[in-house]
Amino acid sequence: MAVIETLKHFLKLYISPLNRIKLRTHYRWWSGLWYVGNKCECPCCGIRVRRFLPAGVVSRKGAQCPCCGAFERHRLMMLYLRDRTDFFTQTHQVLEISPRYLVQKKFQSMKNLTYLSGDLFDPLAMVRLDVTSLPVKTASCDYILCYSVFETVPDDIGGMKEIFRALKPGGSAIIHVYVDWSRDETFEDAAVTSPEDREKTFGGRFNCRVYGADYPRRLEAAGLRVQCIDFVSVFSAGEIARYGLTNVRYIFLCSKPEGQNLRGEA
Ligand SMILES: [Zn+2]
């Protein structure tokens, strides 16, 4: 234990916080190789492993890739982009909000993409950004990827309108949130402010709501055209187990129709 504590002390003294986070990410990758096998496959990093790892506030089995850290929602997104879009074959302007670092590295290496990532807090993202004020030109993005962000944004409709503004007409955004389908309406309570109370009430220390079945309508209120695609259902039971998709179901595909102005009017 003393050796580990000394090592941690050394790392804090001589390595910047940003590089320590990068080091942790690379450490996870290399330690994840312990799980290499052939039962499961992560479409985000391409690794084949014996199993995905449990993760989540309420721990879920088979949630996280041991190497790149991708969750079920990221793996489903990657499969959707691979199988149903021209994301990997045509040139695109892409904005990713709250990226997974190793997914970001993959997209950065793709010659067909002009890629930008951003996050309000994550120092590994390329820029610091607030989703309610995106640092990109109007109608400049072919794709926007946004995962598990709006649960934490007080003005979520404002952020959705920003995504609408940033999309090119005909462009697409995949905007994932956790939805509690047993609720008809999204549950919010501005009086709940402490991280502990937010975790108890909304399921996350930074969350300020739990989305209900009205989530697609909130996106539509921002001008977006929304398709809730049950993309998991296209896979066989064997593929669902292989890609670790048991705790996810929908791709929320949002588009900006051609010929609409900035207010979403035809
Ligand atoms: Zn992975």
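A quick note: this is a predicted structure, and the numbers were derived from the prediction, not measured.

Visitor: Tell me about the overall build of the protein chain, and name the residues and values.
Guide: Helix and strand content of the protein chain: eight helices and 13 strands. The C-alpha radius of gyration computed for the protein chain amounts to 19 Å, which stays within 12% of the reference 18 Å derived for 266 residues, consistent with globular compactness. Seen along its three principal axes, the alpha-carbon backbone of the protein chain occupies a region of about 65 × 45 × 40 Å. When the 266 residues of the protein chain are sorted by exposure, 32% land in the buried category. In the protein chain, 61% of the contacts between residues at least 6 apart in sequence involve partners at least 24 apart.

Visitor: An account of the sheet that holds strand β5 (residues 92-97) is requested, with residue identities and associated values reported.
Guide: The strands that make up a sheet pair up through hydrogen bonds in the backbone, lying either parallel or antiparallel. On the basis of which strands lie adjacent, the open sheet formed by seven strands has the order β7-β6-β5-β8-β9-β13-β12 and mixed pairing. Each edge of the sheet is formed by a strand with only one pairing partner; in this case those strands are β7 (127-128) and β12 (225-230). Examined bridge by bridge, β5 and strand β8 (residues 141-147) share four bridges and lie parallel to one another. Within β8, the residue paired with V94 across the bridge is Y143. Across the sheet, helix α4 (residues 101-108) touches β5 and β6 (113-119), and the angle it forms with β6 is around 155°. On the sheet, helix α5 (residues 156-166) packs against β5, β8 and β9 (167-176) and is oriented at approximately 145° with respect to β9.

Visitor: I'd like a description of the pairing of strand β1 (residues 36-41), backed by residues and values.
Guide: Across three bridges, β1 lies against strand β2 (residues 48-49) in antiparallel orientation. Bridge pairing in β2 places V36 opposite V49.

Visitor: Describe in detail unusual backbone geometry, supporting the description with residues and values.
Guide: Located in the positive-phi region is S98, a residue other than glycine, with phi close to 60°. With phi around 55°, S148 is a residue other than glycine that occupies positive phi space.

Visitor: Explain the pairing of β5 to me, and be specific about the residues and the numbers.
Guide: Most of β5 is tucked away: five of the six residues are buried. As judged from the six bridges shared by β5 and β6, these two strands associate in the parallel manner. Residue pairing in the sheet places H92 in a bridge with L113 of β6. Once the chain exits β5 it traverses α4 before rejoining the sheet at β6, and the crossover so formed is right-handed.

Visitor: How would you summarise the confidence of the model for the protein chain if you had to cite specific residues and measurements?
Guide: Residues of the protein chain with pLDDT of at least 70 account for 95%, and the chain-wide mean is 90. Here helix α1 (residues 2-14) stands out as the element of the protein chain with the lowest mean pLDDT, 71, in contrast to β5, whose mean of 98 is the highest. Below a pLDDT of 50 lies the segment residues 262-266, which in the model reaches eight contacts outside its immediate sequence neighbourhood of four places, other chains included.

Visitor: Can you explain the environment of T246? Please cite residues and give values.
Guide: Position of T246 among the secondary structure elements: in the loop between α8 (237-243) and β13 (250-255). With 16 C-beta atoms counted inside 10 Å, the residue T246 sits in the partly exposed group. Between the C-alpha atom of T246 and that of S117, which follows or precedes it by 129 residues, the distance is 28 Å. In contact with T246, not counting residues within four places along its chain, are G62 and I240.

Visitor: Summarise the environment of N207; cite the residues concerned and give the values.
Guide: With respect to the helices and strands, N207 occurs in the loop between α6 (195-202) and β11 (209-210). Separated by 182 residues in sequence, N207 and T25 have C-alpha atoms that sit 24 Å apart. Residues contacting N207, with those up to four places away along its chain left out, are E151, T152, R198 and F202.

Each value, and the rule that gives it
Residues numbered from 1 in each chain as written. Predicted model: local features only at pLDDT ≥ 70, side-chain atom pairs only at ≥ 80, totals over all residues. Helix = DSSP H or I, 4+ residues; strand = E, 2+ residues; numbered from the N terminus. Rg over C-alpha atoms; globule rule 2.2 N^0.38 Å. Buried ≥ 20, exposed ≤ 12 C-beta atoms within 10 Å, placed from the backbone. Contact = placed C-beta atoms within 7 Å. Pairing = 2+ DSSP bridges. Axes fitted to C-alpha atoms, helices over the stretch in contact; angles between N-to-C directions. Right-handed = clockwise from strand over helix to strand, strands pointing away. pLDDT = per-residue confidence, 0-100.

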